[in-house]
Structures are given as C-alpha cells and as structure tokens.
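Below, each chain spelled out in residue letters.
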Amino acid sequence: MKTIIEPFRIKVVEPIRMTTREERERLLAEAGWNVFLLAAEDVLIDLLTDSGTAAMSAEQWAAVMRGDESYAGSPSFFRFERVVRDIFGFEHVIPTHQGRAAERILFSTVCGPGDVVPSNTHFDTTRANIEATGARAVDLPCPEARRPSELHPFKGNMDVDALEALLDEVGAERVPLVMLTVTNNTGGGQPVSLANIRAVSGVCRRHGIPFYLDACRFAENAYLVKLREPGQHERSVGEIAREMFSYADGCTMSAKKDGLANIGGFLATNDGELARQERDLLILTEGFPTYGGLAGRDLEAIAVGLEEALREDYLQYRLASVRYLGERIAAAGVPIVQPPGGHAVYIDAAAFYPHLDPLELPGQVLVGELYLEGGVRAVEVGTVMFGRRDPETGKEHPADLELVRLALPRRVYTQSHVDYLIEVIEAVWNRRERARGLRFVEQAPVLRHFTARFAPLERER
Ligand code: F0G
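Residues numbered from 1 in each chain as written. Predicted model: local features only at pLDDT ≥ 70, side-chain atom pairs only at ≥ 80, totals over all residues. Heavy atoms only, no water.

**Quick look at the overall build of the chain**
Next, step 1: A count of helical and extended segments in the chain gives 16 helices and 16 strands.
Next, step 2: Here the chain has a C-alpha radius of gyration of 22 Å; the compact-globule value for 461 residues is 23 Å, and the two agree.
Next, step 3: Along the longest, intermediate and shortest principal axes, the C-alpha atoms of the chain span 70 × 55 × 45 Å.
Next, step 4: Looking at the chain as a whole, 56% of its 461 residues qualify as buried.
Next, step 5: In the chain, once contacts between residues fewer than 6 apart in sequence are set aside, the share between residues at least 24 apart is 72%.
Next, step 6: With the model as given, the accessible surface of the chain reaches about 19,600 Å², and the carbon-plus-sulfur share is 52%. (Helix = DSSP H or I, 4+ residues; strand = E, 2+ residues; numbered from the N terminus. Rg over C-alpha atoms; globule rule 2.2 N^0.38 Å. Buried < 20%, exposed > 50% of the residue type's maximum accessible area, 1.4 Å probe, protein only. Contact = heavy atoms within 4.5 Å. Areas by Shrake-Rupley, 256 points an atom, 1.4 Å probe, with all protein chains shown as cover.)

**So, the packing of aromatic side chains**
The geometry of two aromatic rings is summed up by the distance between their centres and the angle between their planes.
Next, step 1: All told, the structure shown has 16 aromatic pairs when counted by the stated rule.
Next, step 2: Geometrically, the ring pair formed by Phe90 and Phe245 is edge-to-face, given 6.0 Å between the ring centres and 80° between the ring planes. Within this pair, whereas Phe90 is found in the loop between α3 (75-88) and β2 (92-96), its partner Phe245 is found in helix α9 (residues 237-246), the two being separated by 155 residues in sequence.
Next, step 3: Clustering of aromatic rings is evident, with ring pairs tying together Phe77, Phe78, Phe80, Phe88, Phe90, Phe218, Phe245 and Phe266.
Next, step 4: Taking the ring centre of Trp429 as reference, the NZ or CZ of Arg432 above it sits at 3.6 Å. (Phe/Tyr/Trp six-rings, centres within 6.5 Å; stacked < 30°, edge-to-face > 60°. Lys NZ or Arg CZ within 6 Å of the ring centre and 35° of its normal.)

**Observations concerning helix α6 (residues 160-170)**
Next, step 1: If you check which residues of α6 are buried, you get Leu163, Leu166, Leu167 and Val170. Projected onto a plane normal to the axis of α6, the buried residues spread over an arc of 100° and lie on a single side. Residues of α6 that are exposed and angled more than 90 degrees away from the buried face: Asp161, Asp168 and Glu169.
Next, step 2: Buried-residue contacts for α6 involve β3 (116-119), β4 (136-139), β5 (178-181) and α7 (194-207). (Arc of directions from axis to C-beta.)

**Some remarks on the site of the ligand**
Next, step 1: Residues in close proximity to the ligand total 17 residues, the closest being Thr49, Arg100, Asp214, Ser254 and Lys257.
Next, step 2: At 2.6 Å, a side-chain N or O of Arg100 approaches an oxygen atom of the ligand.
Next, step 3: Measuring from an oxygen atom of the ligand, one finds a side-chain N or O atom of Arg405 at 2.8 Å.
Next, step 4: A total of 480 Å² of accessible area belongs to the ligand in isolation, and the protein chains cover 93% of it.
Next, step 5: For the shell around the ligand, the element with the most residues is helix α4 (residues 99-110), which contributes three residues. (Near = heavy atom within 4 Å. Polar contact = N/O pair within 3.5 Å; in protein donor to acceptor, adjacent residues only side chain to side chain.)

**Focus on the sheet that holds strand β7 (residues 250-254)**
Next, step 1: With mixed pairing, the five strands of this open sheet are ordered in space as β2-β8-β7-β6-β5. For this open sheet the edge positions go to β2 and β5, each flanked by a neighbour on one side alone. Along the sheet, successive strands turn relative to each other by an average axial angle of 15°, direction set aside.
Next, step 2: Note that β5 and strand β6 (residues 211-214) share four bridges and pair parallel. Across the sheet, Met179 pairs through a bridge with Tyr212, a residue of β6. (Pairing = 2+ DSSP bridges. Axes fitted to C-alpha atoms, helices over the stretch in contact; angles between N-to-C directions.)

**Comments concerning the packing of helix α8 (residues 218-228) against α9**
Next, step 1: Contact geometry for α8 and α9: axes closest at 9 Å, N-to-C directions at 110°. Between α8 and α9, the crossing angle belongs to the class labelled roughly perpendicular. Along its contact with α8, which presents Phe218, Ala219, Asn221, Ala222, Tyr223, Val225 and Lys226, the element α9 presents Val237, Ile240, Ala241, Met244 and Phe245.
Next, step 2: In the contact of α8 with α9, the residues fall into ten nonpolar, one polar and one charged. (Parallel < 35°, antiparallel > 145°, perpendicular 65-115°, else oblique. Nonpolar A, V, L, I, M, F, W, Y, C, P; charged D, E, K, R; others polar.)

**Considerations on the sheet that holds strand β14 (residues 403-407)**
Next, step 1: Taking strand neighbours across the sheet as the criterion, the three strands line up as β9-β14-β11 in an open arrangement whose pairing is antiparallel. Every interior strand has two partners, whereas the edge strands, β9 (344-348) and β11 (379-381), have only one. Each adjacent strand pair in this sheet contributes to an overall mean axis angle of 30°, direction not counted.
Next, step 2: Relative to β14, β11 runs antiparallel, the two sharing three bridges. Bridge assignment links Val379 to a residue of β14, and that residue is Arg405.

**Some points on the domain arrangement of the chain**
Next, step 1: Here the domain parsing of the chain yields domain 1 (21-50 + 311-456) and domain 2 (58-308).
Next, step 2: Distance from the C-alpha centre of domain 1 to the C-alpha centre of domain 2: 27 Å.
Next, step 3: Across the boundary between the two partners, domain 1 contributes 25 residues, which contact 32 residues of domain 2.
Next, step 4: Both sides together, the interface formed by domain 1 and domain 2 hides about 2,300 Å², and carbon and sulfur atoms give 55% of it.
Next, step 5: Run the count over domain 1 and domain 2 and you get six salt bridges.
Next, step 6: A salt bridge links Glu312 to Lys226; its shortest N-O distance comes to 3.2 Å.
Next, step 7: On the surface where domain 1 and domain 2 come into contact, there are 17 residue pairs in polar contact (both at pLDDT 80 or more).
Next, step 8: Going through the elements one at a time, α12 (312-331), β9 and α15 (383-386) are the ones with two or more residues in the side of domain 1 that touches domain 2.
Next, step 9: At seven residues, α12 tops the list of elements feeding residues into the side of domain 1 that touches domain 2. (Domains from an automatic or database assignment. Buried area = accessible area lost by both parts, 1.4 Å probe. Salt bridge = Lys/Arg side-chain N within 4 Å of Asp/Glu carboxyl O.)

**So, the side chain of Asp214**
Next, step 1: Summarising the element assignment, Asp214 is placed in strand β6.
Next, step 2: Each residue touching Asp214, except ones within four places of it in the same chain, is listed here: Glu103, Thr126, Met179, Leu180, Thr181, Val182 and Thr252.

Below, the structure written as structure tokens:
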C-alpha cells in the first residue's frame, strides 16, 4: 500500500473552533501581533509546540488510573524506572517535572564560573541553565546546519574538529560535560547520526569528559538514523536508541516530547556519587526521589508513552506527516529548512519575504499572516526570539536565521488538517509581495518573544 495511515483510530474528540477573518484581525491586533498572547480557543490548528501537546493513548489513560500516589516507594516509580533503564540503559534515574528541571539540577551540580559546555546546539532553556551557573554554553553545529536549503541527512551533527579545537583552547578541565541534542531542535529538528554520536563520545572519553544526550526527541532521532544512515535499515528503532545511549554517561529528558506525556522528565546517569548529589538537590525543589515533582499517574503515563514512541508504525506515520507537509509546501516554492526533520517544518522567512529587512521581523510577519489566513498558530525562531536590543543605544541586532517553526503535536492532527495547513501556507505565499513589516511596540529585557507587542509598519508609497 502506498498510503501511510494514522496507525490509530479516534476514541475521544476535542472540537476546534473556526473563526472569521474579521474576528482574527481583531484578535491578532488585541494580542499585539504576538500569538503567545492569543487565547488557545481562538486558534484552529495549533503548531506552537510539540511539547506536552501529544494525545495520550487508551493504554496511557489506563495506566493513569493505576497510578499510585504514595509519597515514597510508589510502584509507579519502579515501573517508570524499569522502562527508562531498559530503553536508556542508565543506572540512576531521577524523575523531574519537565526537561528544564533536569537541566537545572545537572548543571547546578557540575558547572561553575569559567566552565564551558559545548553542544551541537543548546536549546534555550539548556543554555539559560548553563549560563545561570556562570558557565558558558557553546554551539558547535556542523557547517551544513547553517545553510537552510542544503540537503544533508544529518544536519544535527556536531562539528567534531571544532570540538577538538575548543578543548585545546580552553582545556578539558574547564569542560564539565559535552552535550548532543537529539534531534537538534533549534537547528531545525535535524537528526544526529550514530557515527557522529560515536565520534563525539570518543573525543570525550579520550579527554575524560562526561558525555550527555539531551534526549527529548530520541525516538525520532533513532528512526531517522534507521532511514538515513547506511547499514541501519534492518535494525529496530529500540536497538538503535540503546546504541545511541550506550555512548553516553547520562541524559536529560523532557517526557513532553518523545515520552508522549503532557508533563514530566528525568535526569539519568551512571555516576553514583553524582546521582547522590542530584537527588539531594531534587529533594530541595522537586520532591522525593521516587516522584520528583510528578504525580504517580504521570510516571505511569510516561512509562507507557516511552515504549509507544518507539513503535515503528507510529514513527513511520509521524515522520511521514512532517515530510508530507514539508515536501508539499516546498513543491509550491516555499523555502524551508531541508530536508524536513523529526518534529517540525521550518520555513525560511527571510527567503519567503526577501523585500523585508530582518529588523522588519519577517518571521513574526509570517506567523501573523498564517493566523489571519487560517487560524494557524506557529512560532517565530528568528530576530524576535534570538535577536537582541542594545540596552544603551536601543539598536536592534538581528538573529543569524529568520525561521518560522510549524511543530506538529504527536497523534493530534490528521492528514486533512495537514492538507488544510498546506492551503493556508500557499495562500500566504501567493500574496507574499504585499506583506508589510512589523516593529516592536513593547518588549521585556529577557525572553522577549513571550510577551512583546508589535505593530505593522506604515505601507510605503
Ligand atoms: N531540550 C530541548 C531540545 C527542547 O526542545 C526542550 C523544550 C527542552 C530541552 C526543555 O524541556 O520544556 O520539558 O522543560 N522544548 C519545547 C519546544 C519548549 O517548544 O521546543 P521542557
């Protein structure tokens, strides 16, 4: 059969609400052109994030009912721990309420001022948690990652030569750990190859540096390895995932992605002494080590979700929907980060609106236009998110790339939703020449994209 179907049927439905163009014009203006400030009920197709937005399965809901809420020693924890050990292979498993809590505990235990933590690309909470300890977060993506339209199977890879050069420059003793984000979210949802994981791990072992994976989208990464890496096609995704983790000393995980859960995460390591220190910190802010800021029912949902995320019929459907969206809009001429990655399609807004300067915020313009056209909510990953305003001169500095991320929640939308989305994007593409830029009206000094307000620039005569 040619058609790849959703490998599930629908048991519970959640209505979504159509709005009129006039309503959306009013709502977007009231939100200051910032879609974070819209009420979710006013959004028809919500692609803001793939985090915590998955539909849980009947088995997960059944597991929720089995959740045991004992403060200490809950059987739900031991089920969760068994699944995590089985898939990830690490000895010590520390539950946290989400990924960034695992990051905070890890980095505040191992990092300090003057330290350097390299990664392919740090996610923004990872970077913020490293920098909060006084250490420096350094991105070392492979050169292909910087060229959106270039085809390459593993644009998530780290530049291993750059890693060696950095270690020579700063000294291995200043590097408490090296990280790889799989898949590389900020770099376009691109996978990291097994060969690259092995090579980075080899460098770390030679220098005696612990090596960690930011494992949020590990199942999607493992499936892309199966599809794209020579010699991997016949292996199961679970086997590939286990090999990925076998090269690492630990990981941080947000179960809101490939845990198919709406909340949760964990930190894992093979280092017993480190785990002891981390559990002490966990008790301080998250909770006792057998629940770590989660309810027993959450641990149950994650345990089932992690196994479901490795099912190949699910992954085949998941990757097919991302690819379908990416290929269809690219065929219409829309410039995207190629090839489409694991959880999202990224539109290159600078190429979409070549008549707009980066400081006219082309990504934010595109996000607004998608909402106006069809009630679709995407997110800007460009100058609004990563540019900065000089606090003294008020001068704006643009980001390196102007991207718009269309992140697909897991098991939530069907192919007709994606077809509708393609029509919306094509309509916005067809009138791209008429789009006007935006300017900031209000912005906060940090993480401004969440709360900033914008206004359209006057039309030129
Ligand atoms: N690492 C990566 C690669 C992520 O994408 C995220 C979250 C985190 C860590 C933090 O996990 O949200 O559970 O605390 N990414 C979400 C996103 C927010 O929309 O990409 P968290």
